[in-house]
Amino acid sequence: MGKSHLAIALGHAAATAGFRVRFTTAIDIINTLSAAHNAGRFVQELKKYTRPDLLAIDELGYLPIDKRGADLLFQVISQRYECGAVVLTTNKAFKHWPSIFNNDATLTSAILDRILHHAETIVIEGKSYRMKDRIEL
């Protein structure tokens, strides 16, 4: 099982148990909140990520995040801190997280502080689940 599959399974289990769940990617959060900010709907859109009991954020670190995007994602993480559960998938070790957040060590530290305070970290090693049935050429 891969990272995304595990996040989906946890979200499904939470939803089955009656919890409100939202599954999205880090880039989708940033793009949605950025567009909402430009359109004057930021507060309403932010609630979509702060209200659910569980927010699953997939693919953190797959695409670069600029300063504005890092700030927007920080707002989501910060407002959820000790108020709602977060499942986060990434292919980056924590020591490489500054490169995800525009090399902003202070912001990265603040995000990691909130993410890791009550966290259970699962490291998945091995070949990609999506590639399990591919024939090597």
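Because the structure is a prediction, the values reported are computed rather than measured.

(A) Representation of the sheet that holds strand β3 (residues 85–90) in the model. Reading across the sheet, the three strands line up as β1-β2-β3 and stay open at both edges, with parallel pairing between neighbours. If you trace the sheet from one side to the other, it starts and ends with β1 (21–25) and β3, each paired once. Taken over all neighbouring pairs, the strand axes of this sheet differ in orientation by 15° on average, direction set aside. Here five bridges tie strand β2 (residues 54–60) to β3, and the two strands are oriented parallel to one another. Residue pairing across strands places leucine 60 opposite threonine 90, the latter belonging to β3. Lying over the sheet, helix α2 (residues 26–39) contacts β1 and β2, oriented at roughly 90° with respect to β1.

(B) Seen up close, the side chain of threonine 108. Of note, threonine 108 is situated in helix α6 (residues 105–116). According to the relative accessible area criterion, threonine 108 is buried, its value standing at 2%.

(C) View of the layout of surface pockets. Estimates place the volume of the largest pocket at around 1200 Å³. Lining the largest pocket are 43 residues, and of these Leu88, Thr89, Glu120, Thr121 and Ile122 lie nearest its centre. Elements supplying a minimum of two residues to the lining of the largest pocket: α1 (3–16), α4 (67–80), β3 and α6. When its residues are assigned to classes, the lining of the largest pocket shows 22 nonpolar, eleven polar and ten charged.

(D) Structural view of the packing of α4 against α6. Interhelical geometry of α4 versus α6 gives an angle of 25° and a closest axis separation of 10 Å. The angle between α4 and α6 falls in the class roughly parallel. Considering the relative orientation of α4 and α6, their crossing is left-handed. Each of Ala70, Asp71, Phe74, Ile77 and Ser78 in α4 lies in contact with α6, whose residues at this interface are Leu107, Ala110, Ile111, Arg114 and Ile115. A per-class count over the contact of α4 with α6 returns seven nonpolar, one polar and two charged.

Analysis parameters
- Residues numbered from 1 in each chain as written.
- Predicted model: local features only at pLDDT ≥ 70, side-chain atom pairs only at ≥ 80, totals over all residues.
- Heavy atoms only, no water.
- Pairing = 2+ DSSP bridges.
- Helix = DSSP H or I, 4+ residues; strand = E, 2+ residues; numbered from the N terminus.
- Axes fitted to C-alpha atoms, helices over the stretch in contact; angles between N-to-C directions.
- Contact = heavy atoms within 4.5 Å.
- Buried < 20%, exposed > 50% of the residue type's maximum accessible area, 1.4 Å probe, protein only.
- 1 Å grid on protein atoms, 1.4 Å probe; cavity = no way out; pocket = protein on both sides within 12 Å on 5 of 7 lines; lining within 4 Å.
- Points joined across faces, edges and corners; volume = space filled by probe spheres on them.
- Nonpolar A, V, L, I, M, F, W, Y, C, P; charged D, E, K, R; others polar.
- Parallel < 35°, antiparallel > 145°, perpendicular 65-115°, else oblique.
- Left-handed = near helix turned anticlockwise from the far one by under 90°.

Fair warning: the whole summary comes from geometry, so function is off the table for now.
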